[in-house]
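# Descriptive structure summary
Okay, here's what each chain looks like letter by letter:
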Amino acid sequence: MRILHTSDWHLGRAFHRVSMLGAQAGFIDHLVTTVRERDVDAVLVSGDVYDRAVPPLAAVELYDDALHRLAELGVPTVMISGNHDSARRLGVGAGLLDRAGIHLRTDASAAGVPVVLADAHGDVAFYGLPYLEPALVKDEFAVDRPGHEAVLAAAMERVRSDLATRAPGTRSVVLAHAFVTGGAPSDSERDISVGGVSSVPAGVFDGVDYVALGHLHGSQTLTERVRYSGSPLPYSFSEADHRKSMWLVDLGADGSIDAEPVDCPVPRRLARVRGRLDELLDDPGLARHEDAWVEATLTDPVRPAEPMARLCARFPHTLSLVFDPERAPDDPDVSYARRLAGRDDQQIAEDFVAHVRGTGPDPHEQAVLRDAFDAVRADETLRETAR
């Protein structure tokens, strides 16, 4: 069976101030063409179909167009909700769409209920594990202390239990939206950490033939059977070196995997340049970036006059301007943003306690801070999905 694995469409998202709807429509065209020309048997979308719980109308229309075109091809599509999606909204009409070959899996309670497709060699069971927010699904999976590993492990137990009841030789595919250990993140993914932990080990998915992951925006192979497709378009300059692609996976009769990357259209290259403003404007080696979307980091000790206007005169598509003056690390004028770079909310809060009190928080106080951050994040998720 030939499978096309995609994820993280983020329909409706902009790249800095540039609308990506045109590029997203171009990706949908490319997806449909690939399905038709490469004889794809099933399309997988591993979450984050939309960029937010209540997407703009233009994004909904593009999603609707994609579903109609895939249904017209007669190729089944299995789709799960991600942490950016509203599972309830995305799942509306799932029963009707199911009849058209569009199989939405947005309900955590259905983790062990597969979409079963068949080829010449027998059945393939596709299990959709939507993004499992631990605080919201802990009762469904009867876990004591909610965490990503605990709820995913419980969901996978349901998968294995169902798979054990099926005919010998039934092959299995799991779609999941999670941060799996070994994956490389970028700046454009929303933090999903619980208790300071965001990742789960790949071993959680043992026992199935292929795991189609979503959430991380870089295409990557964790094991031969566990892969991220990545986002089809860039959503931050940290993705400048990404190869945006989908996985074309041939699932053999014996469960063997043969995977090939299929490149996605590039609307415009990304470039990150760094140096003093005059150097960036004069360096002939940077001419190759004049048609790219540019993030410029200026290292001038003193902020130059009209830097964005001057940069745009040479690099018309400059979208991001960062100031990182050449100073010693202990210089008192080092910016607050620079001092916080690379530090998460928990570390910043602990530093604040140490600054005010003269000593950092003890283990109990660290746990209180962690629980507070987890409660705020879970409350934000509840409020967003209830809108």
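Quantities reported herein were computed from a predicted structural model and do not represent experimental measurements. (Residues numbered from 1 in each chain as written. Predicted model: local features only at pLDDT ≥ 70, side-chain atom pairs only at ≥ 80, totals over all residues. Heavy atoms only, no water.)

The strands making up a sheet associate through hydrogen bonds between their backbones, and the pairing can be parallel or antiparallel. Strand order across the open sheet formed by six strands is 7-8-9-12-14-13, with mixed pairing between neighbours. Two strands close off the open sheet at either side, each with one partner strand: strand 7 (115-119) and strand 13 (220-223). On average, each strand axis in the sheet is tilted by 20° relative to the strand beside it, whichever way the strands run. One ladder, built from six bridges, connects strand 8 (residues 122-129) with strand 9 (residues 171-177); its direction is parallel. Note on strand 9: the bridge partner recorded for Phe126 is Val173. Packing of helix 6 (residues 148-164) onto the sheet brings it into contact with strand 8 and strand 9, and relative to strand 8 it is tilted by some 160°. (Pairing = 2+ DSSP bridges. Helix = DSSP H or I, 4+ residues; strand = E, 2+ residues; numbered from the N terminus. Axes fitted to C-alpha atoms, helices over the stretch in contact; angles between N-to-C directions. Contact = heavy atoms within 4.5 Å.)

So, on to the nonpolar core. Core analysis: the largest hydrophobic core is formed by 32 residues, its most contacted members being Leu129, Phe141, Val174 and Phe205. Broken down by secondary-structure element, the contributors of at least two residues to this core are strand 8, helix 6, strand 9, strand 10 (179-180), strand 12 (210-214) and strand 14 (226-228). The element best represented in this core is helix 6, accounting for seven residues. Judged by nonpolar contacts, the second largest core, of 28 residues, contains Val32, Val49, Leu70 and Leu104. (Core = buried A, V, L, I, M, F, W, Y, C linked by side-chain atoms within 4.5 Å. Buried < 20%, exposed > 50% of the residue type's maximum accessible area, 1.4 Å probe, protein only.)

To continue, consider the packing of helix 1 (residues 21-37) against helix 2 (residues 57-73). Packed helices, taken two at a time, are described by their axes: the angle between them and the distance between them. Contact geometry of helix 1 with helix 2 gives a least axis separation of 10 Å together with a crossing angle of 10°. In terms of their interaxial angle, helix 1 and helix 2 are classed as roughly parallel. Together, Leu21, Gln24, Ala25, Ile28, Asp29, Leu31, Val32, Val35 and Arg36 of helix 1 and Ala58, Ala59, Leu62, Asp65, Ala66, Arg69, Leu70 and Leu73 of helix 2 make up the contact between the two elements. Its residues assigned to classes, the contact of helix 1 with helix 2 comprises 12 nonpolar, one polar and four charged. (Parallel < 35°, antiparallel > 145°, perpendicular 65-115°, else oblique. Nonpolar A, V, L, I, M, F, W, Y, C, P; charged D, E, K, R; others polar.)

Along the chain, Thr297 turns up in strand 18 (residues 293-298). Look past the residues within four positions of Thr297 in its chain and what remains in contact with it is Val273, Arg274, Gly275, Leu280, Val322 and Asp324.

The six strands lie next to each other as 6-5-4-1-15-16, forming an open sheet whose pairing is mixed. Each edge of the sheet is formed by a strand with only one pairing partner; in this case those strands are strand 6 (102-105) and strand 16 (257-263). Strand after strand, the sheet turns through a mean of 20° between neighbouring axes, direction not considered. Examined bridge by bridge, strand 1 (residues 2-6) and strand 15 (residues 245-251) share four bridges and lie antiparallel to one another. Its bridge partner being in strand 15, Ile3 is matched across the sheet by Val249.

Attention now moves to helix 8 (residues 307-314). Taken residue by residue, helix 8 has Pro307, Leu311 and Arg314 as its buried positions. On an axial view of helix 8, the arc spanned by its buried residues comes to 60°, and they lie on one face. Buried residues along helix 8 sit against helix 7 (277-282), strand 18 and strand 19 (318-323). (Arc of directions from axis to C-beta.)

In this section: the pairing of strand 7. Looking at chain direction, strand 7 and strand 8 are connected through five bridges and run antiparallel. Bridging across to strand 8, Val115 finds its partner in Phe126. Between strand 7 and strand 8, which pair antiparallel and follow one another directly, the connecting turn spans two residues.

This part takes up the packing of aromatic side chains. Tallying each qualifying case throughout the model produces four aromatic pairs. Where Trp9 meets Phe27, the ring centres are 5.8 Å apart and the plane angle is 70°; that geometry is what we call edge-to-face. Within this pair, whereas Trp9 is found in the loop between strand 1 and strand 2 (14-15), its partner Phe27 is found in helix 1, the two being separated by 18 residues in sequence. Each member of the pair, Trp9 as well as Phe27, is classed as buried. An aromatic cluster is built from Phe15, Phe237 and Trp293, whose rings are joined through pairwise contacts. Above the ring of Trp247, the side-chain terminus of Arg227 is found at 4.4 Å from the ring centroid. The aromatic ring of Phe323 is capped on one face by Arg303, whose charged end is 3.7 Å from the ring centroid. (Phe/Tyr/Trp six-rings, centres within 6.5 Å; stacked < 30°, edge-to-face > 60°. Lys NZ or Arg CZ within 6 Å of the ring centre and 35° of its normal.)

Tallied over the full model, the rule gives 20 salt bridges. Notably, a salt bridge pairs Arg38 with Glu260, separated by 3.0 Å at the nearest N-O pair. With Arg38 in the loop between helix 1 and strand 4 (42-46) and Glu260 in strand 16, the pair connects residues that are 222 residues apart, well separated along the chain. Where Arg274 meets Asp324, a salt bridge forms, and the shortest distance between an N and an O atom there is 2.8 Å. (Salt bridge = Lys/Arg side-chain N within 4 Å of Asp/Glu carboxyl O.)

Moving on to unusual backbone geometry. One non-glycine residue, Asp8, lies in positive phi territory at about 55°. Here Asp8 is to be found in the loop between strand 1 and strand 2. One non-glycine residue, His10, adopts positive backbone phi at about 50°. Here His10 shows up in the loop between strand 1 and strand 2. Residue classification places His10 among the buried residues on the basis of a relative accessible area of 0%.

On their own, these measurements won't tell you what the molecule is for.
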